[in-house]
Amino acid sequence: MSLKEVRGVVLFNRKHRERDYLVKIFTDQFGKLMFFVRGSKKSSQSLEQAIQPFANAKYIADIRNEGLSFLRDTKELNLMNHIYGDMFKQAYATYLTNLADAALEDRVVDPSLMVELKSALEAINEGKDPEIITNIYEIHMMKWFGVEQEWKACVVCRETKGNFDYSSQYNGLLCSRHWYLDERRYHLSQRTLYFIRLFSRTSFKQIGNISVGDETKRELRSFIDSLYEENVGLHLKSKSFIDHMYDFEKLHVDWSKRKKGTD
Ligand SMILES: [Zn+2]
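Residues numbered from 1 in each chain as written. Predicted model: local features only at pLDDT ≥ 70, side-chain atom pairs only at ≥ 80, totals over all residues. Heavy atoms only, no water.

*Asks:* Quick question: what am I supposed to make of the packing of aromatic side chains here?
*Replies:* Two descriptors summarise a pair of aromatic rings, namely the distance from one centre to the other and the angle between the planes of the rings. Taken as a whole and assessed by the stated rule, the structure comprises ten aromatic pairs. Ring centres 5.3 Å apart and planes at 70° place the aromatic pair Tyr-166 and Tyr-186 in the edge-to-face group. Of this pair, Tyr-166 sits in strand S6 (residues 164–167) while Tyr-186 sits in the loop between strand S7 (172–175) and helix H6 (190–200), placing them 20 residues apart in sequence. Taking the relative accessible area as the measure of exposure, Tyr-166 reaches 0% and is therefore buried. Residue class for Tyr-186 comes out partly exposed when judged on its relative accessible area of 22%. Judged by centre distance (5.2 Å) and plane angle (75°), the ring pair of Tyr-186 and Phe-223 falls under edge-to-face. With Tyr-186 in the loop between S7 and H6 and Phe-223 in helix H7 (residues 214–231), this residue pair connects regions lying 37 residues apart in the sequence. Given a relative accessible area of 1%, Phe-223 falls into the buried group. Residue placement shows Lys-143 over the ring face of Trp-144; its charged tip is 4.6 Å from the ring centre. (Phe/Tyr/Trp six-rings, centres within 6.5 Å; stacked < 30°, edge-to-face > 60°. Helix = DSSP H or I, 4+ residues; strand = E, 2+ residues; numbered from the N terminus. Buried < 20%, exposed > 50% of the residue type's maximum accessible area, 1.4 Å probe, protein only. Lys NZ or Arg CZ within 6 Å of the ring centre and 35° of its normal.)

*Asks:* Hey, could you run me through the coordination of the zinc ion in this one?
*Replies:* Geometrically, a metal with four donors at the corners of a regular tetrahedron has ideal angles of 109.5 degrees, and one with six donors at the corners of a regular octahedron has ideal angles of 90 or 180 degrees. The protein atoms that coordinate the zinc ion are Cys-154 (SG), Cys-157 (SG), Cys-175 (SG) and His-178 (ND1), at distances spanning 2.1 to 2.4 Å. Around the zinc ion sit four donor atoms; with metal-centred angles ranging over 101 to 117°, the donor geometry is tetrahedral. Mapping the donors of the zinc ion onto the primary sequence gives the spacing C-x2-C-x17-C-x2-H. Residue Cys-154 is located in the loop between helix H5 (130–141) and S6, and its partner His-178 is located in the loop between S7 and H6; the two are separated by 24 residues in the primary sequence. Across the pair, His-178 and Cys-154 agree in class, each one buried. (Donors = N, O, S within 2.8 Å, 3.2 Å for Na, K, Ca; no water. Tetrahedral: all angles 85-135°; square planar, octahedral: opposite > 155°, others 65-115°.)

*Asks:* What's the story with the sheet that holds strand S1 (residues 3–16) in this structure? I'm lost.
*Replies:* Strand pairing in a sheet is mediated by backbone hydrogen bonds. Such pairs are either parallel or antiparallel. Around the barrel, five strands lie side by side as S1-S2-S3-S5-S4; this closed barrel has mixed pairing. Each strand of the sheet is rotated relative to its neighbour by a mean of 50°, with strand direction disregarded. Two elements, strand S3 (residues 31–37) and strand S5 (residues 69–78), share two bridges in a ladder whose sense is parallel. Its bridge partner lying in S5, Phe-35 is registered against Ser-69. Strand contacts of helix H3 (residues 87–103): S1, strand S2 (20–27) and S3, with the helix running at about 115° to S1, the strand carrying the most contacts. Of the strands in this sheet, S1, S2, strand S4 (56–62) and S5 touch helix H4 (residues 111–125), which is tilted by about 60° from S1. (Pairing = 2+ DSSP bridges. Axes fitted to C-alpha atoms, helices over the stretch in contact; angles between N-to-C directions. Contact = heavy atoms within 4.5 Å.)

*Asks:* Just to check I follow, could you spell out the pattern of salt bridges for this structure?
*Replies:* Pairing between side chains of opposite charge can happen when the charged atoms of each approach one another. The tally for this structure, following the rule as stated, stands at 21 salt bridges. Salt bridges sharing common partners tie together Glu-5, Arg-7, Lys-58, Lys-75 and Glu-76. (Salt bridge = Lys/Arg side-chain N within 4 Å of Asp/Glu carboxyl O.)

*Asks:* Whenever I open this one, the domain arrangement of the chain confuses me. Can you help?
*Replies:* Often, the extent of an interface is quoted as the loss of accessible area on bringing the components together. When the domains of the chain are assigned, the result is domain 1 (3–80) and domain 2 (87–254). Taken over C-alpha atoms, the centre of domain 1 sits 30 Å from the centre of domain 2. On the side of domain 2, 21 residues touch domain 1, which itself brings 24 residues to the contact. Buried area between domain 1 and domain 2, summed over both chains or domains, comes out near 1,700 Å², and the portion from carbon and sulfur atoms is 64%. Taken as a group, Phe-26, Lys-32 and Phe-54 account for 39% of the area that domain 1 buries against domain 2, more than any other trio of residues on that side. A salt bridge links Asp-106 to Lys-24; the shortest N-O distance between them is 3.0 Å. Summed over the shared surface of domain 1 and domain 2, the result is eleven residue pairs in polar contact (both at pLDDT 80 or more). Going through the elements one at a time, S1, S2 and S3 are the ones with two or more residues in the side of domain 1 that touches domain 2. (Domains from an automatic or database assignment. Buried area = accessible area lost by both parts, 1.4 Å probe. Polar contact = N/O pair within 3.5 Å; in protein donor to acceptor, adjacent residues only side chain to side chain.)

Below, the structure written as structure tokens:
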């Protein structure tokens, strides 16, 4: 047995028997691996904390080529405490980890995707708008799903200025001179296109307090949903949870109004 030190992000954990855990961690050197963590009264508290979803740390581990690997210790633990206490942030963080899990086979090494996920989770934890962080991440993630789109310039003439629209047929932007080529272009607002193009070349660190109006947010959400439906075709439970979360909110608001009315 040789212990290795790897950096990783926890995707999820689940209890195994009474005290033990199975934990899936996206590591930089070995890709996504399932670890067995034996829980005992003696086991260090930091190890129990370090297997919480979305946490990142350096893990000291016995990595096996087949089956489960084993966690021994951890250091430089980074907990996502502001995500755990917030249902909305938690829902988005779960969706982001599910996307990374779906985009890559286990044991395939891809440190850049691990860093992408880690940075997105940290941005949500720092209080940046989870809807916008999710949109940026989804646009970036298309590359990992093998369906990267052209967001820099018109796919026909390479124009980078002026008005654009998105075309599924051309997998990218068309400038207004070439709109005639696709009758079924999206007719997106220029504001939404501006943000999509910005998101495609922005890192999470560069995003300060970017402010996007509600209407543009809705258009971004429905556009990215169509992009994913057409190109990726995933149906994650965590995503439909997010979609329904807003219905619950509305329901909740309506009920409280109704209660006031009848009292
Ligand atoms: Zn053009």
